[in-house]
Amino acid sequence: MSTAARTSASTTGGNLAVGRWGLVIAALLLQLSLGAVYAWSVFSSALQKAGPFTLTKPEATLPFEVAIGMIFIGTYLGGRIQDRRGPRTVAVIGAVIYGVGVIVASFATDRADLPLLVIGYGVLAGFGLGLAYIVPIAMLQKWFPDKRGLITGLAVGGFGFGAVVTAPIAQALIKRNPDVPTSAFLPLGIAYLVLAVAGALFFRNPPEGYAVPGYTPATSGKVVDSGRDYTQGEALRTWQWYTLAGMLTLAVLAGISFISQAAASFADVAGYTAAAAATAVGLLGLFNGAGRIFWATVSGKLGRMPTFVAILALEGICLLLVPHAHNAALFFVLAAVVYLCYGGAFGTMPATAGDFFGVKNAGGIYGLMLIGWSLGGVVGPLIAAKLIGSDKDYTTGYTTIGIIALVAIILPILTRLPRVRKDPNEGALGTKAKPRR
């Protein structure tokens, strides 16, 4: 590249680097809408009480469980497609499917319509959510190579706060027609559709040759770049991909095991009233969202693997202590740390995957890694429910899960960046390099 070309690229990169923050706002609009899925507990409770529905607890949980399971299918396909076709198309399609799915769920008016509720909220909305969710995470890493941890934390932080914003609105809408709580899905679905599509329409990848002025990838220090962009196939041929996916799975499993039992645990262990427990769980959503930003930022200073050691260790220790924390204030503090760490795993892993495998194909590589979300999100609550049981044996349940989290610390301790071998026929590292496993 000539001196004039380099100067032009630098100037263009500088202008784009200033305007890239608008994409963060657009991403937050999308993620806040998608994160509303975690407000399902509001509907679950209402569907069990509403006369025309009177669903059992497992039945009321089914649409949410299906949605969580469908997320992985969406992230996998969305990640692969956006790496080839760009972010805007995938995000808009995902946002439309998500919004339409929620609207479809509004047409379920009694118990006989449970299949329609599962199809709308579970299958359609879950798939659309996954399709759109992965897009801003991969896109923003390309725009912010200099702030990868912070920016991925913000991207998924919006998702974490979605339920906090949506829950009180959903409760107010349900009160207008408590016999048919699903009627709230119509205005909510329309709002999700408008906000998510509005954000997605601004999405775009940086131009070829984009660079942030003054930034060069780190080759030493707490956070180091691998030095090349892996394809999805190349990443899957490294053992590091599987240890990262394992870390995400186990961190999610530990956190969501407690989250799935949080309201009951507040009442049974710490003596909260039902109303106080519901309020506490609502407040804890703030820690879920904040943890995504907090730990992602910490990982940029402390290092990715030390951060995951801290996340898993704190989850494990808190889970060991929770069944013995009969003091209301202490119980809330321990619960808040678990929520903070649960969110932190989602905030830190996208940047970690970008460090290890590059950002060019981040959608496909990290999208596939989100199988840990579905696995942990489905298996964790099942383990917790089985171990705690009807006799409310919280000590056995949480101690077992806490030990799993502590044992999982071995994964970040052992995991290092893939070692890249320089091809002797190439002048630059990484052009045709192959990962050494």
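Bear in mind that the values here come from a model prediction, so they are computed numbers and not experimental data.

Caption draft 1: Looking closely at helix 8 (residues 185–200). A rise of 1.5 Å per residue sets the reference length of helix 8, with its 16 residues, at 22 Å; its end C-alpha atoms lie 21 Å apart and thus fit the reference within 8%. Residues Phe185, Leu188, Gly189, Tyr192, Ala196, Val197, Gly199 and Ala200 constitute the buried set of helix 8. Within helix 8, the buried residues cover an arc of 155° as seen down the axis, which keeps them to one side. Along its buried surface, helix 8 packs onto helix 2 (21–34), helix 3 (40–49), helix 5 (87–105), helix 6 (114–143) and helix 7 (148–176).

Caption draft 2: Representation of the pattern of salt bridges. For the coordinates displayed, the defined rule picks out 7 salt bridges. Across the salt bridge formed by Arg111 and Glu59, the nearest N and O atoms sit 2.8 Å from each other. Taken together, the residues span a long stretch of sequence, with Arg111 in the loop between helix 5 and helix 6 and Glu59 in helix 4 (residues 57–85) at a distance of 52 residues. A relative accessible area of 22% means that Glu59 is categorised as partly exposed. The salt bridge involving Arg148 is made with Asp355; its shortest N-O contact spans 2.7 Å. Residue Arg148 is found in helix 7, and its partner Asp355 is found in helix 14 (residues 328–357); the two are separated by 207 residues along the sequence. By relative accessible area, Arg148 is classed as buried at 7%.

Caption draft 3: Quick peek at a nonpolar patch on the surface. Judged by side-chain polarity, Leu32, Val165 and Ile169 come together as a nonpolar surface patch covering roughly 230 Å² of accessible area. In this structure, Leu32 sits in helix 2. Leu32 sits in the partly exposed class, given a relative accessible area of 33%.

Caption draft 4: Quick peek at the packing of aromatic side chains. Taken as a whole and assessed by the stated rule, the structure comprises 28 aromatic pairs. Judged by centre distance (4.2 Å) and plane angle (20°), the ring pair of Phe43 and Phe185 falls under stacked. Taken as a pair, Phe43 in helix 3 and Phe185 in helix 8 lie far apart in primary sequence, 142 residues in all. Per residue, the accessibility class of Phe43 equals that of Phe185, and both read buried. Sitting above the plane of the Tyr230 ring, Arg228 keeps its charged end 4.3 Å from the centroid.

Caption draft 5: A look at the confidence of the model for the protein chain. Here the protein chain averages 87 in pLDDT, and 89% of its residues register 70 or above. Per-residue pLDDT stays below 50 along residues 1–11; that stretch engages in 2 contacts with residues further than four places along the chain or on separate chains. Across residues 421–437, where pLDDT falls below 50, the model places 26 contacts with residues more than four positions away in sequence or in other chains.

Caption draft 6: Broad picture of the nonpolar core. One finds Leu129, Tyr133, Leu140, Phe357, Tyr366, Met369 and Trp373 to be the most contacted residues of the largest nonpolar core, which totals 96 residues. The element contributing the most residues to this core is helix 6, with 15 residues. Residues within four places of Tyr133 in sequence aside, it is in contact with Gln31, Leu34, Thr75, Val156, Phe159, Arg292, Phe346, Leu370 and Trp373. Phe266, Val269, Leu284 and Cys318 belong to the second largest nonpolar core, which has 27 residues in total.

Caption draft 7: View of unusual backbone geometry. The phi dihedral of Thr54 is positive, around 40°, even though this residue is not glycine. You can see Thr54 is positioned in the loop between helix 3 and helix 4. Residue classification places Thr54 among the partly exposed residues on the basis of a relative accessible area of 41%. One non-glycine residue, Lys392, adopts positive backbone phi at about 60°. Tracing the chain through its elements places Lys392 in the loop between helix 16 (371–388) and helix 17 (394–407). Looking at Lys392, the relative accessible area reads 48%, which means it is partly exposed.

Rules of the game
Residues numbered from 1 in each chain as written. Predicted model: local features only at pLDDT ≥ 70, side-chain atom pairs only at ≥ 80, totals over all residues. Heavy atoms only, no water. Helix = DSSP H or I, 4+ residues; strand = E, 2+ residues; numbered from the N terminus. Expected span 1.5 Å × (residues − 1). Buried < 20%, exposed > 50% of the residue type's maximum accessible area, 1.4 Å probe, protein only. Arc of directions from axis to C-beta. Contact = heavy atoms within 4.5 Å. Salt bridge = Lys/Arg side-chain N within 4 Å of Asp/Glu carboxyl O. Patch = residues over 30% accessible without salt bridge, like charges linked within 9 Å, V, L, I, M, F, W, Y side chains within 5 Å. Areas by Shrake-Rupley, 256 points an atom, 1.4 Å probe, with all protein chains shown as cover. Phe/Tyr/Trp six-rings, centres within 6.5 Å; stacked < 30°, edge-to-face > 60°. Lys NZ or Arg CZ within 6 Å of the ring centre and 35° of its normal. pLDDT = per-residue confidence, 0-100. Core = buried A, V, L, I, M, F, W, Y, C linked by side-chain atoms within 4.5 Å.

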